[in-house]
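One letter stands for each residue in the lines below.
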Amino acid sequence: MVYLERFALPTQGQEDAFLGEIKRTCYDSRYPFNVFRYRRMPELEFAPITILCGGNGSGKSTLLNVMAEKLSIPHGTAYNRSHFFEDYLRLCRAETCRFDPEVRRRSRIITSDDVFDYLLNIRALNEGLSAKRQELLQEYSEMRRSSFQMKSLADYEELKKHLEATRRSGSQYVRRNMMDEAEERSNGESALQFFTQSIGEGGLYLLDEPENSLSASRQMELAEFLAQSARFFGCQLVISTHSPFLLAIPEAKIYDLDGKPPRARRWTELENVRLYRDFFRRHEDAFRE
């Protein structure tokens, strides 16, 4: 499914005209002006899966943020803005198809900060559960040692706890008296879970370097999940990445933002991927040992 068909950034002439009008202002930063000013950025045409590839400072994150704002897709976390962001957006042009309010509601931009916040929440939840577990074990121990006599109806709940402690093991008592524990996973496992929970059906999803925190095997799992989401569940994905596993997603359209000018290329042509290939070729003999 394709909801975002084309997106055009301001031309160098448009940026020059705007910056010429405000050159006497007191602002030090005119971000996002100047990020792509001399890059001769083409009008981007999108497929069900489109990938933005480029080195650090190539503008991948800026481009995703600009597209999200232009399309009114909400951010989960704060991002870099400036006084001139709205002026820049007015010079951008987006062409969409079937991007109705319901699709926009399901759409989202997911950044590394979103994943990091999720991991912190999981950690905090597990730490809270661990403290609760210790409290219940202490309560169980005290109940086992104490003698209890019910003196009034108000003591009924305490009586139930006392009887339960005498009939069950410590682990059984804890499990029965606390909420289901959050399953403890590694950061990579939790990060992958975050993407599988956050990407639903029929939406436009902008993903900023989703491979962060993921091992090679988890990146391969994520690549398969994203491919299936686009193929079977009506999703459109725009992904910024360095990961060769994501770059190799079949039929993905890839823009090399390091190109002069940036242009669509095959994943095997990208410098980033060729660096991996050359590295393993240099160490090929080590695999035979």
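Use the structure listed above.
Everything numeric in this text was worked out from a predicted model, so none of it was measured.

## Here we look at the overall build of the chain
- Assigned secondary structure in the chain consists of 11 helices and 9 strands.
- When burial is assessed residue by residue, the chain has 42% of its 289 residues classed as buried.
- The long-range share in the chain, meaning contacts at least 24 apart out of those at least 6 apart in sequence, stands at 75%.
- Approximately 16,500 Å² of the chain is accessible, and the part contributed by carbon and sulfur atoms is 48%.

## Let's talk about the sheet that holds strand β6 (residues 204-208)
- A sheet is described by the order of its strands in space; here 6 strands give the open sequence β5-β6-β7-β3-β8-β9, paired in mixed fashion. Here the strands that pair on one side only, and so sit at the sheet edges, are β5 (108-110) and β9 (263-264).
- Two strands pair when backbone bridges link them, and strand β3 (residues 49-53) and strand β7 (residues 236-240) are joined in this way by 4 bridges, in the parallel orientation. Each residue of the ladder has a partner; that of isoleucine 49, found in β7, is leucine 237.
- Its contacts with the sheet put helix α2 (residues 60-70) on β3, β5, β6 and β7, and the angle it makes with β6 is roughly 155 degrees.

## Considering a nonpolar patch on the surface
- Residues Tyr276, Phe279, Phe280 and Phe287 make up a contiguous nonpolar surface patch of about 450 Å² in total accessible area.
- Looking at the element boundaries, phenylalanine 280 is found in helix α11 (residues 271-282).
- The exposure class assigned to phenylalanine 280 is partly exposed, which follows from its relative accessible area of 43%.

## Re helix α9 (residues 216-232)
- The end-to-end C-alpha distance of α9, which contains 17 residues, comes to 24 Å, matching closely the 24 Å that a straight helix rising 1.5 Å per residue would cover.
- Along α9, the positions that sit buried rather than exposed are Gln219, Leu222, Ala223, Leu226, Ala227, Ser229 and Ala230. Looking straight down α9, one finds that the buried residues subtend no more than 160 degrees of arc, so they occupy a single side.
- Of the residues trailing α9, glycine 234 is marked for its positive phi of about 65 degrees.

## Some words on the sheet that holds strand β4 (residues 93-96)
- The antiparallel open sheet is built from 3 strands, whose spatial order is β2-β1-β4. Of all strands in the sheet, those bounded by a partner on one side alone are β2 (44-45) and β4.
- Pairing geometry for strand β1 (residues 4-8) and β4, over 4 bridges, is antiparallel. From the neighbouring strand, arginine 6 faces β4, where its bridge partner is glutamate 95.
- The strands touched by α2 within the sheet are β1, β2 and β4, with β1 carrying the most contacts at an inclination of about 115 degrees.

## A word on the environment of leucine 226
- By the secondary structure assignment, leucine 226 is in helix α9.
- Setting aside anything within four residues of it in sequence, one finds leucine 226 in contact with Ile49, Ile199, Leu207, Leu237, Ile239, Leu246 and Ile249.

## A closer look at unusual backbone geometry
- Proline 32 follows tyrosine 31 through a cis peptide bond whose omega is 5 degrees.
- Within the secondary structure, proline 32 sits in the loop between α1 (12-21) and β2.
- Across the junction of lysine 260 and proline 261, the peptide omega takes the value 0 degrees, indicating a cis bond.
- Relative to the helices and strands, proline 261 is located in the loop between β8 (253-256) and β9.
- Phi angles above zero are rare outside glycine, and asparagine 34 is one such case at about 85 degrees.
- Within the element layout of this structure, asparagine 34 appears in the loop between α1 and β2.
- Here serine 72, not a glycine, exhibits a phi torsion of approximately 60 degrees, which is positive.
- Positionally, serine 72 belongs in the loop between α2 and α3 (85-91).
- Owing to a relative accessible area of 52%, serine 72 belongs among the exposed residues under this scheme.

## What about the nonpolar core?
- Leu9, Met67, Leu204 and Leu206 are the most contacted members of the largest nonpolar core, which totals 34 residues.
- Sorting the residues of this core by element identifies β1, α1, α2, α3 and β6 as the ones contributing at least two each.
- If you tally residues by element for this core, the top one is α2, at 5 residues.
- If near-sequence neighbours (up to four positions away) are discounted, leucine 9 is found in contact with Gln14, Phe36, Met41, Leu63, Val66, Tyr88, Leu91 and Cys92.
- With 29 residues, the next largest nonpolar core counts Phe195, Leu226, Leu237 and Val273 among its residues.

Criteria and thresholds
- Residues numbered from 1 in each chain as written.
- Predicted model: local features only at pLDDT ≥ 70, side-chain atom pairs only at ≥ 80, totals over all residues.
- Heavy atoms only, no water.
- Helix = DSSP H or I, 4+ residues; strand = E, 2+ residues; numbered from the N terminus.
- Buried < 20%, exposed > 50% of the residue type's maximum accessible area, 1.4 Å probe, protein only.
- Contact = heavy atoms within 4.5 Å.
- Areas by Shrake-Rupley, 256 points an atom, 1.4 Å probe, with all protein chains shown as cover.
- Pairing = 2+ DSSP bridges.
- Axes fitted to C-alpha atoms, helices over the stretch in contact; angles between N-to-C directions.
- Patch = residues over 30% accessible without salt bridge, like charges linked within 9 Å, V, L, I, M, F, W, Y side chains within 5 Å.
- Salt bridge = Lys/Arg side-chain N within 4 Å of Asp/Glu carboxyl O.
- Expected span 1.5 Å × (residues − 1).
- Arc of directions from axis to C-beta.
- Core = buried A, V, L, I, M, F, W, Y, C linked by side-chain atoms within 4.5 Å.

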